[in-house]
Every structure is written in structure tokens, then in C-alpha cells.
Amino acid sequence: MADPSSYRPKPGQIPDSPGVYKFRDEHRRVIYVGKAKNLRQRLANYFQDLAGLHPRTRTMVTTAASVEWTVVSTEVEALQLEYSWIKEFDPRFNVKYRDDKSYPYLAVTLNEEFPRVQVMRGAKKKGVRYFGPYGHAWAIRETVDLMLRVFPVRTCSAGVFKNAERTGRPCLLGYIGKCSAPCVGRVTPEEHRDLAEDFCDFMAGRTGTYIRRLEKDMMQAAEEMEYERAARLRDDAEALKRAMEKSAVVLADATDADLIAVAEDELEAAVQIFHVRGGRVRGQRGWVTDKVEAVDTAGLVEHALQQLYGEETGDSVPKEVLVPALPEDPDAVSQWLAGRRGSQVSLRIPQRGDKKDLMGTVQRNAQQALGLHKTKRASDLTTRSRALEEIAEALGLDTAPLRVECFDISHLQGDDVVASMVVFEDGLARKSEYRRFQIKGFEGQDDVRSMHEVIGRRFKRYLQEKERTGEWEDTPAPTGPVPAPGGPAPEASAPGDRTPGLPAPGGDRAPDVPAPDVPVSGWTGGIGETGGTGEPGPGTVAPAAQDPVPVREEPREDDGRPKRFAYPPQLVVVDGGQPQVAAAKRALDELGIDDIAVCGLAKRLEEVWVPDDDDPVVLPRSSEGLYLLQRIRDEAHRFAITYQRAKRAKRIRSSPLDDVPGLGETRKQALIKHFGSVKKLRQATIDEICEVPGIGRRTAESVAAAFAAAAPAAPAVNTATGEIIEEDDGGSRT
């Protein structure tokens with residue numbers, strides 16, 4: 001525990017200007033970020049007598065080892081910088097709201113030639129119009145189904161659209177009148193975009209115009225005795241009214257506003273937000289947080305506003321924001337919101353009328369959310385604590401293992417050998433720190449040797465981080481051979497899936513420095529709904545890690561971001577029995593690491609093996625500790641086998657064109673488009689290949705040689721139907 005007086009700045013060193021400050025711990029990690037109108041007055045409050053500080057503030061200042069600040073010119077700039085730093089550094093003592101789920105949005109992809117209506121989750125994309133969030137995806141689909149009668153906008157995926165375009169036949173929705181079928185040319189791109197924009201206008205609350213237009217057309221059709229058309233228009237108008245009825249009118253003046261309510265106790269707080277557009281509740285969402293800092297209701301409201309609108313612009317920020325308590329500096333927050341919206345934003349507390357009544361409803365929702373969360377949390381917290389204590393007792397550990405890392409090896413008959421590392425902290429999965437490894441030290445099937453290599457590579461990086469940060473002096477000297485620095489590094493995740501807080505991809509790293517491992521996160525899910533699940537999507541494979549390779553720049557020692565592999569676990573779990581445990585222990589001994597416990601969980605009898613013990617530790621079947629170890633082991637197995645299958649799928653789907661030097665993706669697609677399939681391209685002569693624009697004779701000869709060298713594979717057969725699977729346009733089997 002640090003003494004705050006040891007790093008307290010001299011009073012004359014601290015300016016009395018607005019600014020943002022950050023506290024760092026002994027490892028230079030940023031643990032708290034705050035802002036102040038007057039930095040000198042605010043920071044002085046942290047260095048008073050510890051007995052007079054709030055318990056959470058006291059814990060923060062005794063954990064910290066230094067404090068820094070940045071001066072800004074206005075309070076609005078301080079608010080913006082505080083939000084940016086909290087998002088970048090993820091400080092442990094700042095309030096961070098946790099979504100209890102990933103809320104679905106109704107999205108219209110106006111950035112496409114033929115806009116598509118779909119359900120989306122996760123980060124918002126540029127050029128896409130969002131409505132919501134909604135409590136359930138089925139609520140979006142019910143609304144869309146009603147509206148497609150009047151606004152028959154495309155809802156199909158890109159694959160279905162291209163298939164219909166190729167065959168000249170629309171999908172079922174095109175036949176029943178719920179899609180205008182732009183895929184087969186029933187409407188022009190301009191007409192379809194008009195439909196999509198009308199759909200967006202209706203969802204934005206401009207409903208009266210369309211209903212009045214339908215009713216006018218219905219009356220005109222009836223006067224002209226076109227009764228079938230009149231009946232269809234009547235049904236269309238009724239469908240729009242039913243869609244409107246799904247969101248009741250709560251504010252008679254057609255207000256656009258967000259209402260935010262907070263329910264809190266000494267330890268936690270829940271926030272509920274109602275999104276009102278056109279006087280109707282169009283969405284609802286909620287957050288829960290641990291009160292890790294001394295913060296009142298006004299502070300919770302300010303943090304909620306930062307998280308809610310920090311990434312929003314334009315109409316996503318409403319004209320009016322109603323809150324239960326105003327932030328410390330409401331004028332600065334209002335200016336910040338106005339800057340995000342581009343026009344004036346009213347931030348106030350409702351005093352009377354419908355808005356105050358609706359705020360009471362939002363407040364009751366927040367109270368119920370907090371009560372439900374506490375019920376779940378109490379059960380989970382008790383169970384996890386008991387499980388960790390049982391593991392510590394069974395393995396003879398001094399303290400409960402708050403950080404556990406588990407390793408597993410996966411392969412298919414010795415091919416595509418990979419390994420996984422999953423991390424559990426306080427009994428919960430920490431997916432941002434998961435790692436994947438590709439075994440390159442040898443060929444073939446040897447789980448024990450693979451486990452030794454993976455453990456060595458992981459903890460070699462840990463020792464390198466300690467040496468770089470100056471903690472090496474406390475580490476015993478290695479007692480055996482240390483893996484060469486130029487050895488293969490673990491797999492890196494795809495560049496697009498960067499974890500917030502890590503640097504963007506940088507330049508090449510020198511060959512004598514191993515490539516850093518990158519957390520696997522933010523993978524995209526299936527078609528229709530998108531979001532981060534911690535798993536790769538179908539056919540997604542991260543590039544293989546080799547030395548040298550372009551990688552992310554190594555974080556600086558003092559940047560405060562979480563370091564890769566810098567934090568050791570209290571317990572290493574391996575998937576396997578005594579041989580795998582012995583291999584893991586030997587790898588640690590060779591690196592001189594003797595303060596990390598090792599155990600293995602054998603699948604057959606669920607026995608727990610420890611090093612240098614001929615008999616396993618047997619935990620009762622009803623043990624919470626055994627259940628937690630099983631969950632950790634199963635998660636490592638799932639993560640490993642998912643990666644192994646993805647690598648195998650990529651290898652199977654390779655094409656002879658991939659081996660042609662100088663043939664990029666554009667010219668490869670030009671060849672396939674010209675000949676129609678790889679099969680026809682394989683049968684083409686060199687002169688015929690030269691006819692493709694952009695393909696010279698030398699390239700044509702290389703293509704022909706590649707196909708000649710690649711023996712044609714036996715036809716694949718669908719075992720379910722008996723059909724022969726043809727090669728698709730990409731040169732692979734489908």
C-alpha cells in the first residue's frame with residue numbers, strides 16, 4: 001500500500017486551470033481519470049488525511065503511485081478529454097456501465113446501392129441509419145413484417161441477393177409483395193432507395209403523412225370502383241397503424257427526448273434510458289455499475305451521458321435530455337451535447353406534467369433492474385468465491401487464484417496443430433485476454449511437447465515484460481534453456497478486430513523481437529445480426545504469426561494501457577493429465593518461474609493432477625471448485641477447436657490460383673469471371689488465358705503451370721444428399 005504523501009505534487013506545481021488528471025499505479029497503469037474546473041483545488045482533496053476520505057477514494061489513492069495532469073482551455077474540452085481517456089485506458093476505479101445485454105437495433109444500410117433493412121447489434125457503422133435500441137429482436141421483426149406491406153424494402157443478405165440476381169428469380173418475399181425485388185429489376189435503384197428513405201421517415205416519427213396518403217388513395221380507388229385496390233390500401237393503412245400502436249404515445253407534444261433515471265445503493269447503481277421520438281417510446285436500455293469511486297447521483301448521470309452520447313452525432317442526440325439530477329457543470333455538458341448534435345440541446349430535470357410522470361416510470365424500471373441484478377449477483381458472487389476457495393484449499397495455495405489461465409492443444413491427426421489460452425479473473429471469463437497459438441516448433445502429433453512449447457512462449461513474454469518495466473531484478477535467473485527470442489509467436493487476431501486501448505497496427509518489428517500476441521475479440525456474428533461474441537465468424541481465420549511480421553507497435557512503458565502478457569496468473573490449468581502437467585511445470589522451471597501453481601484436469605475421471613505427485617487430487621462431484629475448473633477447461637477446449645477448424649477450413653478451401661506469384665485478388669476474380677469457373681479455367685489454353693484483360697503471357701503461363709502442377713482432386717460428395725459438390729466461382733468447393 002502506497003503512502004499518498006510519497007507522490008504528492010508540491011502545491012505550486014499544480015495549475016489552477018481546468019484540466020484532466022490521471023492516477024497511475026506502480027506498474028504505470030492508469031487506474032483513475034478525472035476532470036476539474038480547478039486542478040489545484042481538486043487534487044488537494046485527494047491528499048488530505050486518509051481517515052477523512054471516502055473508503056473507495058482511500059483505496060484508490062493508496063493503490064496509486066503517481067499523478068499526472070493535462071491543462072485544457074475550457075471545461076467542454078476537459079469533458080471530451082476525460083471521456084477519451086476513460087475509453088482508452090479503461091481505469092479500474094472509474095465508473096463503467098455494463099450493458100446487461102447487447103441491445104438490437106433496426107438498421108437500414110443506406111450506404112449500399114440497394115439499402116437493406118435488418119437487425120444489428122454491436123458497434124454502429126458509418127452510412128447506416130439506426131432505430132432503437134429494442135428490448136428484443138423479435139419486436140423489431142414484428143414491426144418490420146407489418147411495414148413491408150407498405151414499404152417493400154430489401155431484407156435479404158448479400159448472398160441471397162446475388163443468387164436471385166444470377167438466376168433471375170426473386171425470393172419468396174418478392175412473390176408475396178413484401179419485397180420490391182430490385183434483384184430482378186422490378187424497380188430501379190433510385191425507386192428502391194426512395195422506398196428505403198420513406199421507411200426511415202416513418203420510423204423517425206413522421207407517420208401522419210403516409211397514413212393520410214394511403215387513406216386518400218383508398219377513397220379515390222373506391223370512387224373509381226377499383227375495390228380490390230381500395231381494400232389493399234385499407235389493409236396497408238391498418239398495418240401501419242398496428243405498427244404505430246406497438247409504441248404507445250407518452251408525450252402529447254410529439255417530443256424527441258431521452259429520459260435517464262438512476263437507482264443506487266452504497267455499492268452499485270443502475271441506469272435506465274427511455275428513447276422517446278415523436279412522443280412515442282422507440283427504445284429502452286439499461287446499465288449497471290459497481291460504485292468503485294465516490295460518486296453521487298449527479299456524477300452517475302454525467303458518466304451515463306458520456307457513455308450514451310460519446311460516439312453519437314446528429315439526430316442520434318435528441319433535442320431534450322431529461323435527468324434526475326444535473327451534472328456538476330450542466331452548462332459544459334449541454335455545450336458538449338450541442339456539439340455532438342450540431343444544434344442546441346436542453347438538459348434539465350422535469351418538474352411537472354407528462355414528462356415528470358414518465359420520469360417516474362423510468363425510475364421504477366431502474367429500481368427493478370437494480371433489484372434483479374443484485375439477486376443474480378449475490379448468487380453468482382457467493383458461488384464463485386466458494387469455488388475459488390475450494391480450489392485453493394485442494395491445491396494447497398496460500399490465497400484464492402483470482403487469475404487463472406488454461407491451455408489446450410487441438411489438432412486433426414497431427415495436422416493444423418494449434419493451442420489456446422483462456423483467462424478467468426474472479427471466476428469470470430476475460431475474453432479480451434484470450435490468446436491463440438500456432439505450433440511451429442515441430443511437425444506431427446505430440447500434445448506433451450506442444451504444451452511445453454506453448455507454456456514456454458507465453459511465460460517468456462511475461463519475463464520480457466518484467467525486464468522491460470524494470471521488475472526483472474526480483475525474478476530468479478533461468479535454470480534451463482530459454483526459448484530463442486526469434487521463435488514463433490502466437491497467432492494474431494485479424495487487424496479489424498482490435499481491442500480498445502491497444503495501439504493501432506504499426507510498422508515491421510525487427511527479426512530478433514517476437515511478435516506480440518493480440519487479444520481475440522470483436523468477431524462478427526452471422527448474417528442479419530452482428531455483434532462481438534469473442535468467436536470468429538464462419539470462415540474467418542486470423543493470419544499466421546511468423547517472425548518477422550508486421551505487428552502492432554509495442555506499447556510504451558508509461559502509456560498506462562494494459563500490457564500484453566504482463567500479468568502472471570496465480571494458477572495455470574492444462575487440459576490433460578500427469579504428462580501435460582509435468583511438461584508445463586518443466587517449461588516454468590526452465591524460465592526460473594517458481595511462484596505460479598500448475599495443475600491439470602484429466603477428462604476421463606475429471607481428476608486434478610499436480611506436479612511431482614503420483615496420485616491425483618479428487619474433488620467431490622458436487623464441488624463448486626471442480627465445476628469451475630471444468631468450465632475453464634471446456635472454454636479452453638472450445639476456443640482451441642474453433643480456431644483449429646477455421647484453419648483447416650481455410651486450408652481445404654485453397655485454390656491453385658493462390659500459388660501463382662504476382663496474381664492478386666483483382667486479377668484472380670477477373671479470370672474467374674471471364675471463364676465462369678475454375679473448372680473451365682483449368683481447361684483453357686495459354687492463348688485463351690491471355691485474352692483476359694490485365695493478364696499477360698508470362699502470368700498466363702504461370703496460371704497454366706499452377707493448374708498443371710496441382711492434380712485435380714477427387715469430386716467431393718455431400719454425404720447427406722449424395723450430390724457431387726461442384727467448385728464455386730472462387731476456386732473452392734461449396
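Residues numbered from 1 in each chain as written. Predicted model: local features only at pLDDT ≥ 70, side-chain atom pairs only at ≥ 80, totals over all residues. Heavy atoms only, no water.

Novice: I'd like a description of the sheet that holds strand S2 (residues 30-36), backed by residues and values.
Specialist: Sheets are built from strands paired through backbone hydrogen bonds, the pairs being either parallel or antiparallel. Spatially, the three strands line up as an open sheet ordered S2-S1-S3, and their pairing is antiparallel. Bordering the open sheet on either side are S2 and strand S3 (66-71), each of which pairs with just one other strand. Each neighbouring strand pair of the sheet contributes to a mean axis angle of 20 degrees, computed without reference to strand direction. When strand S1 (residues 19-24) meets S2, the two strands line up antiparallel, connected through six bridges. Paired with Tyr21 across the bridge in S2 is Gly34. (Pairing = 2+ DSSP bridges. Helix = DSSP H or I, 4+ residues; strand = E, 2+ residues; numbered from the N terminus. Axes fitted to C-alpha atoms, helices over the stretch in contact; angles between N-to-C directions.)

Novice: An account of the pairing of strand S6 (residues 117-120) is needed here, citing residue identities and associated values.
Specialist: Judged by which residues are buried, S6 turns out to be covered on both faces: Val117 and Val119 on one side and Gln118 and Met120 on the other are all buried. Sheet topology places strand S5 (residues 105-108) next to S6; four bridges connect them, and they run antiparallel. By the bridge assignment for S6, Val108 is matched with Val117. (Buried < 20%, exposed > 50% of the residue type's maximum accessible area, 1.4 Å probe, protein only.)

Novice: How would you explain the packing of aromatic side chains if you had to name every residue and give the values?
Specialist: Enumeration over the complete set of coordinates arrives at 14 aromatic pairs. Judged by centre distance (5.7 Å) and plane angle (65 degrees), the ring pair of Tyr21 and Tyr46 falls under edge-to-face. Here Tyr46 lies in helix H1 (residues 39-46) and Tyr21 lies in strand S1, a separation of 25 residues in the sequence. We classify Tyr46 as buried; its relative accessible area is 10%. Residues Trp85 and Phe89 carry aromatic rings whose centres are separated by 6.4 Å and whose planes lie at 65 degrees to one another, so their mutual orientation is edge-to-face. Here the residue Trp85 and the residue Phe89 both occupy positions in helix H3 (residues 75-89), the gap between them amounting to four residues, near one helical turn. Look at Trp85 and you get buried, because its relative accessible area is 11%. An aromatic cluster is defined as three or more aromatic residues linked by ring pairs; in this entry it consists of Tyr7, Tyr21, Phe23, Tyr32, Tyr46 and Phe47. The residue whose ring lies beneath Arg186 is Tyr175, and the NZ or CZ to ring-centre distance is 6.0 Å. (Phe/Tyr/Trp six-rings, centres within 6.5 Å; stacked < 30°, edge-to-face > 60°. Lys NZ or Arg CZ within 6 Å of the ring centre and 35° of its normal.)

Novice: Go over the pairing of strand S10 (residues 280-290) with me, naming the residues and quoting the values.
Specialist: In terms of burial, S10 is a largely internal element, eight of the 11 residues being buried. Pairing of strand S9 (residues 268-277) with S10 involves 10 bridges; the strand directions are antiparallel. Along S10, the bridge assignment pairs Glu268 with Asp290. The hairpin turn running from S9 into S10, its antiparallel successor, is two residues long, and Gly278 in that turn takes a positive phi close to 65 degrees.

Novice: Tell me about a negative patch on the surface, residues and numbers included.
Specialist: Together, Glu113, Glu165, Glu190, Glu191, Asp194 and Glu197 make up a region of like negative charge exposed at the surface. Broken down by element, the negative patch gets its largest block of residues, four residues, from helix H7 (residues 189-203). Mapping Glu191 onto the fold places it in helix H7. (Patch = residues over 30% accessible without salt bridge, like charges linked within 9 Å, V, L, I, M, F, W, Y side chains within 5 Å. Areas by Shrake-Rupley, 256 points an atom, 1.4 Å probe, with all protein chains shown as cover. Salt bridge = Lys/Arg side-chain N within 4 Å of Asp/Glu carboxyl O. Lys, Arg positive; Asp, Glu negative; His and termini not counted. Charge placed at Lys NZ, Arg CZ, Asp CG, Glu CD.)

Novice: A description of the sheet that holds S5 should follow, citing residues and the corresponding values.
Specialist: Read across the open sheet, the three strands follow the order S6-S5-S7; overall the sheet is antiparallel. Edge positions in the sheet fall to S6 and strand S7 (129-131), since each has one partner strand and no second. Across this sheet, the average inter-strand angle for adjacent strands is 30 degrees, counted without regard to direction. Bridge analysis of S5 against S7 gives three bridges, and the strand direction is antiparallel. Following the sheet pairing, Val108 is matched in S7 by Arg129. Strands S5, S6 and S7 of the sheet are contacted by H7, whose axis makes an angle of about 150 degrees with S5. (Contact = heavy atoms within 4.5 Å.)

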